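Take a look at the letters that make up each chain.
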Amino acid sequence: MSLEEQRAVFARAHRAWEAGDFDAFLACLTDDITYIVNVDGISVPYAMSAVGKTDVQDRLQLLLDTFDVTTFALERMVHGEDHSRSLVHGVYRHKQTGEVLDIKVRFHGWVENGLLKRIEEIHDARFIEAYERFVFHMMQAAQAHGGG
């Protein structure tokens with residue numbers, strides 16, 4: 001398999017997620033995928049790191065259960081010798097509160113035998129963690145006032 005063919009899986013994974021095709025996205029991953037996120041997974045469970053396809057599937061399902069993905073727009077993709085990088089504009093609407101998370105996310109992906117072996121998802125961690133605290137307090141306030 002050529003280097004270009006291997007890099008194509010990185011683009012395919014982006015297209016699948018953008019189209020909302022979760023199964024096609026998962027098909028781009030090795031069974032022993034390592035998915036690293038630079039956010040505190042205890043404070044922000046839908047953004048935690050995961051190892052293995054089942055763990056990644058569960059984590060991403062939690063993200064989809066928490067948010068409606070309204071935008072996942074690829075802004076840039078660059079392929080290097082050993083991995084590919086991308087910049088994505090994401091807009092996610094929190095299903096319980098309606099609050100919008102409008103972010104830029106960087107991804108780095110390493111491919112082995114035509115599948116993604118490692119993905120690193122890089123956020124402005126302080127922003128994501130602050131957003132999660134804000135949403136948590138909104139949900140607590142709604143429950144305290146009988147709204148939830």
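Up top is the structure these notes are about.
Computed from a prediction, not measured in an experiment: that's the story for all the values here. (Residues numbered from 1 in each chain as written. Predicted model: local features only at pLDDT ≥ 70, side-chain atom pairs only at ≥ 80, totals over all residues. Heavy atoms only, no water.)

A.B. asks: Provide a residue-level description of the packing of aromatic side chains, including the pertinent values.
C.D. replies: Under the defined criterion, the tally for this structure stands at 6 aromatic pairs. Arranged with centres 5.5 Å apart and planes meeting at 65°, the rings of W17 and F25 form a pair that is edge-to-face. F25 shares its class with W17; the two are buried. The structure contains a cluster of three or more aromatic residues connected by ring pairs, namely Y46, F67, Y92 and Y131. One residue, R118, lies across the ring of W110, its end atom 5.8 Å from the ring centre. (Phe/Tyr/Trp six-rings, centres within 6.5 Å; stacked < 30°, edge-to-face > 60°. Buried < 20%, exposed > 50% of the residue type's maximum accessible area, 1.4 Å probe, protein only. Lys NZ or Arg CZ within 6 Å of the ring centre and 35° of its normal.)

A.B. asks: Mind laying out helix α3 (residues 53–66), listing which residues take part and the relevant values?
C.D. replies: Compared with the 20 Å implied by 1.5 Å per residue over 14 residues, the 20 Å span of α3 between its first and last C-alpha is a close match. Residues V56, R59, L60, L63 and T66 constitute the buried set of α3. Each buried residue of α3 lies within a common arc of 115° when the element is viewed along its axis, so the set occupies one face. Of the residues in α3, the exposed ones pointing more than 90 degrees away from the buried face are T54 and D58. (Helix = DSSP H or I, 4+ residues; strand = E, 2+ residues; numbered from the N terminus. Expected span 1.5 Å × (residues − 1). Arc of directions from axis to C-beta.)

A.B. asks: Could you give an account of helix α1 (residues 3–19), naming the residues involved and the relevant values?
C.D. replies: Helix length check: α1, at 17 residues, gives a terminal C-alpha distance of 25 Å against a target of 24 Å (1.5 Å per residue), a fit within 8%. Residues of α1 that are buried include every one of Q6, R7, V9, F10, A11, A13, H14, A16 and W17, and no others. Contacts made by the buried residues of α1 are with α2 (22–26), α3, β3 (67–79), β4 (84–94), β5 (100–112) and β6 (115–122). Immediately downstream of α1, the backbone of G20 shows phi near 75°, a positive value. (Contact = heavy atoms within 4.5 Å.)

A.B. asks: Could you give an account of the environment of F22, with specific residues and numbers?
C.D. replies: Among the structural elements, F22 can be located in helix α2. Given a relative accessible area of 13%, F22 falls into the buried group. C-alpha of F22 to C-alpha of L60: the two residues are 38 residues apart in sequence and 8.9 Å apart in space. Ignoring any residue separated from it by four or fewer positions in sequence, one finds F22 in contact with W17, Q57, L60, Q61 and L64.

A.B. asks: Kindly report on the sheet that holds strand β1 (residues 29–37), identifying the contributing residues and their values.
C.D. replies: What the 6 strands build is an open sheet, ordered β2-β1-β6-β5-β4-β3; its pairing is mixed. The open sheet is flanked by β2 (50–51) and β3, the only strands paired with a single partner. In this sheet, β6 lies alongside β5 in antiparallel orientation, the contact comprising 7 bridges. Paired with E112 across the strands is L115, a residue of β6. Those strands touched by helix α4 (residues 125–144) are β3, β4 and β5, and its axis lies near 130° from that of β5. (Pairing = 2+ DSSP bridges. Axes fitted to C-alpha atoms, helices over the stretch in contact; angles between N-to-C directions.)

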